[in-house]
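One-letter residues, chain by chain:
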Amino acid sequence: MTQTMLLLPGDGIGPEVVAEARRVAEKIAPDLQFTEGLIGGASIDAHGQPLTVDTLVNAKASDAVLLGAVGGPKWVDVERNLRPEMGLLQIRKGMDVFANLRPAFCFPALVDASSLKREVVEGLDIMIVRELTSGVYFGEPRGIERGIGDKSFGYETSRYTAGEIKRVARVAFDIARGRRGEVCSTEKSNVMESGLFWREIVTDLHAAEGDGLVLRHLYSDACAMELVRAPKQFDTILAGNLFGDILSDEAAMLTGSIGMLPSASLGAEGAPGLFEPVHGSAPDIAGQGKANPCAAILSLEMALRWSLGQPEAADRLFAAVGRALDYGARTADLGGSMSTQAMGDAIIAAL
Ligand code: IPM
Ligand code: MG
């Protein structure tokens, strides 16, 4: 059966990097069929909203979705719940992709691109599993109460159900089983009820289903500190939506450039995954052909592995990216001068 991938290039450098991922896909998975849609500011311009029902229906009907990036200065004044970022939150929620995998892997050729010392990052290989469809990002009630002077307030709700914690913790356990077998769960159980509950549920799940896995707990602030002090102590990090957002940006920079980092957002078994580079729309360099397409190309690699059932192709692609870097292929973010397209060519050549 033919497999389909929905491409949602989005805004900023999104279209440029997704175009390179598509060229690579045509080479490595020639039977894959593509459809294309709009998200974020591009969708606001065309339809007045950052994600249409049609696009969500197409996303759910495809085998995998590859997203570029959303947002940019053009849409900062748009009404809050119609902002480009809302399209991203809506598609994550709509596809119910609750487990966000964000690898922080330091390619050997890039050890010196990190702001940390070589010995701290050489051989770094962390997988962050971030809960993506709940927590304080989505909790109700939320809002801003105005008009009462200094007593006016803004608030949201940090809420996790046992089921939500268990399903993402199970993914982290499964991932860790294919790695070093170590899970570090992070929250702020010292100050947050939802954090305390998170710790309890993860502890119980580990007792019931965590055979062969080592589980430890770390407050998220301590985890942030340990990530720059001695990042190689981590194998698989499990976090809720907000702390996972912060820790994954931090981990990304350990590897030298956020331009290298892909992500996979997975839902229930058999449901399509959503794959997107961790970098944003980078409006400052958009349209100049100098963005690093590696994160988008490695997001394709994750799609081949996690949604399309093609792990050998994924392995080949991962190796090809490493080889292109070994040969010296570098975009500006990595200290080189290659164009987006030349980087794509280098990876295709390495394939
Ligand atoms: C991310 C981004 C998003 C998030 C923004 C753009 C809404 O920071 O994917 O990490 O906070 O989830
Ligand atoms: Mg983020």
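Keep in mind that this is a model prediction, so the values were computed, not measured.

Rules used throughout
Residues numbered from 1 in each chain as written. Chains lettered and ligands numbered in written order. Predicted model: local features only at pLDDT ≥ 70, side-chain atom pairs only at ≥ 80, totals over all residues. Heavy atoms only, no water. Near = heavy atom within 4 Å. Polar contact = N/O pair within 3.5 Å; in protein donor to acceptor, adjacent residues only side chain to side chain. Areas by Shrake-Rupley, 256 points an atom, 1.4 Å probe, with all protein chains shown as cover. Helix = DSSP H or I, 4+ residues; strand = E, 2+ residues; numbered from the N terminus. Nonpolar A, V, L, I, M, F, W, Y, C, P; charged D, E, K, R; others polar. Domains from an automatic or database assignment. Contact = heavy atoms within 4.5 Å. Buried area = accessible area lost by both parts, 1.4 Å probe. Salt bridge = Lys/Arg side-chain N within 4 Å of Asp/Glu carboxyl O. Pairing = 2+ DSSP bridges. Axes fitted to C-alpha atoms, helices over the stretch in contact; angles between N-to-C directions. Phe/Tyr/Trp six-rings, centres within 6.5 Å; stacked < 30°, edge-to-face > 60°. Buried < 20%, exposed > 50% of the residue type's maximum accessible area, 1.4 Å probe, protein only. Lys NZ or Arg CZ within 6 Å of the ring centre and 35° of its normal. Parallel < 35°, antiparallel > 145°, perpendicular 65-115°, else oblique. Left-handed = near helix turned anticlockwise from the far one by under 90°. Core = buried A, V, L, I, M, F, W, Y, C linked by side-chain atoms within 4.5 Å.

Visitor: Explain the site of ligand 1 residue by residue, including any values.
Guide: Neighbouring ligand 1 are the residues Glu85, Leu88, Arg92, Arg102, Arg130, Tyr137 and Asp245. At 2.8 Å, a side-chain N or O of Arg102 approaches an oxygen atom of ligand 1. Asp245 is positioned with one of its side-chain polar atoms (N or O) 2.8 Å from an oxygen atom of ligand 1. When isolated, ligand 1 has an accessible area of 320 Å², and the protein chains bury 74% of it. Top element by residues in the shell around ligand 1 is helix 4 (residues 84-95). It accounts for three residues. A class-by-class count of the residues in the shell around ligand 1 yields two nonpolar, no polar and five charged. Split by domain, the shell around ligand 1 shows at least three residues from each of two domains, domain 1 (1-98 + 267-351) and domain 2 (101-261).

Visitor: Can you explain the domain arrangement of the chain? Please cite residues and give values.
Guide: Under the domain assignment used here, the chain contains domain 1 (1-98 + 267-351) and domain 2 (101-261). For domain 1 and domain 2, the distance between their C-alpha centroids amounts to 23 Å. Domain 1 puts 23 residues into the contact, and the matching count from domain 2 is 24 residues. Of all residues in domain 1, Arg92, Phe98 and Val278 bury the most surface against domain 2, accounting for 33% of the area lost on that side. At the junction of domain 1 with domain 2, the criterion picks out one salt bridge. One salt bridge connects Asp96 with Arg167, and the closest N-O pair in it is separated by 3.1 Å. Linking domain 1 with domain 2 are eight residue pairs in polar contact (both at pLDDT 80 or more), by the criterion used here. For the side of domain 1 that touches domain 2, the secondary-structure elements that each account for two or more residues are helix 4, helix 10 (294-306) and helix 11 (311-326).

Visitor: I'd like a rundown of the sheet that holds strand 4 (residues 99-105), residues and numbers included.
Guide: The strands making up a sheet associate through backbone hydrogen bonding, with each pair oriented either parallel or antiparallel. Strand order in the open sheet formed by ten strands is 2-1-3-12-11-4-5-10-8-9, with mixed pairing between adjacent strands. Of all strands in the sheet, those bounded by a partner on one side alone are strand 2 (33-36) and strand 9 (214-219). Here the average twist between neighbouring strands, direction ignored, is 25 degrees. The pairing of strand 4 with strand 11 (residues 264-266) spans three bridges and is classified as antiparallel. Looking across to strand 11, one finds that Asn100 is bridged to Ser265. Contacting strand 1 (4-10), strand 2 and strand 3 (64-69), helix 1 (residues 14-28) runs over the sheet at an angle of about 155 degrees to strand 1.

Visitor: Can you break down the packing of aromatic side chains residue by residue, with the values?
Guide: Inspection of every chain in the model, using the stated rule, returns five aromatic pairs. Considering the side-chain rings of Phe153 and Tyr155, the 5.5 Å spacing of their centres and the 45 degrees angle between planes classify their relative orientation as tilted. The exposure class of Tyr155 is partly exposed, given its relative accessible area of 29%. Centre to centre, the rings of Tyr160 and Trp198 are 5.1 Å apart; their planes meet at 65 degrees, and the pair counts as edge-to-face. You can see Tyr160 sitting in the loop between strand 7 (153-155) and helix 6 (162-177) and its partner Trp198 sitting in helix 7 (residues 193-209), a full 38 residues away along the chain. Across this residue pair, the class does not change: Tyr160 and Trp198 are buried. Among the aromatic residues, those joined into a ring-pair cluster are Phe105, Phe107 and Phe318. Lying across the ring of Phe138, Lys93 places its NZ or CZ 4.8 Å from the centre. In this arrangement the basic side chain of Arg130 is found over the ring face of Tyr137, its NZ or CZ atom lying 5.3 Å from the centre.

Visitor: I'd like a rundown of the packing of helix 1 against helix 12 (residues 340-350), residues and numbers included.
Guide: Orientation of helix 1 relative to helix 12, taken along the N-to-C sense of each, is 20 degrees, at an axis distance of 10 Å. The angle between the axes of helix 1 and helix 12 places the two elements in the roughly parallel class. The chirality of how helix 1 crosses helix 12 is right-handed. Where helix 1 approaches helix 12, its residues Glu16, Glu20, Arg23, Val24 and Lys27 are matched on the opposing element by Thr340, Gln341, Gly344, Asp345, Ile347 and Ile348. Of the residues belonging to the contact of helix 1 with helix 12, the class tally is three nonpolar, three polar and five charged.

Visitor: Please provide a residue-by-residue account of the nonpolar core, values included.
Guide: One finds Met5, Leu101, Met260, Val321 and Ile347 to be the most contacted residues of the largest nonpolar core, which totals 86 residues. When residues of this core are sorted by domain, at least three fall in each of domain 1 (1-98 + 267-351) and domain 2 (101-261). Not counting chain neighbours up to four residues away, the residues in contact with Ile347 comprise Val24, Cys294, Ile297, Leu317, Ala320, Val321 and Ala324. Leu51, Leu88, Val97 and Leu274 belong to the second-largest nonpolar core, a separate cluster that totals 14 residues.

Visitor: How would you summarise the pattern of salt bridges if you had to cite specific residues and measurements?
Guide: Applying the stated criterion to the full structure yields 22 salt bridges. A salt bridge links Glu122 to Arg118; the nearest nitrogen and oxygen atoms lie 2.9 Å apart. A salt bridge links Arg179 to Asp125; its shortest N-O distance comes to 3.2 Å. Linking Arg179 in the loop between helix 6 and strand 8 (182-187) with Asp125 in strand 5 (residues 125-131), this pair joins segments that are 54 residues apart in sequence. The class for Arg179 is partly exposed, based on a relative accessible area of 26%. Ionic contacts of the salt-bridge type, sharing partners, join the residues Glu20, Arg23 and Asp345 into one network.

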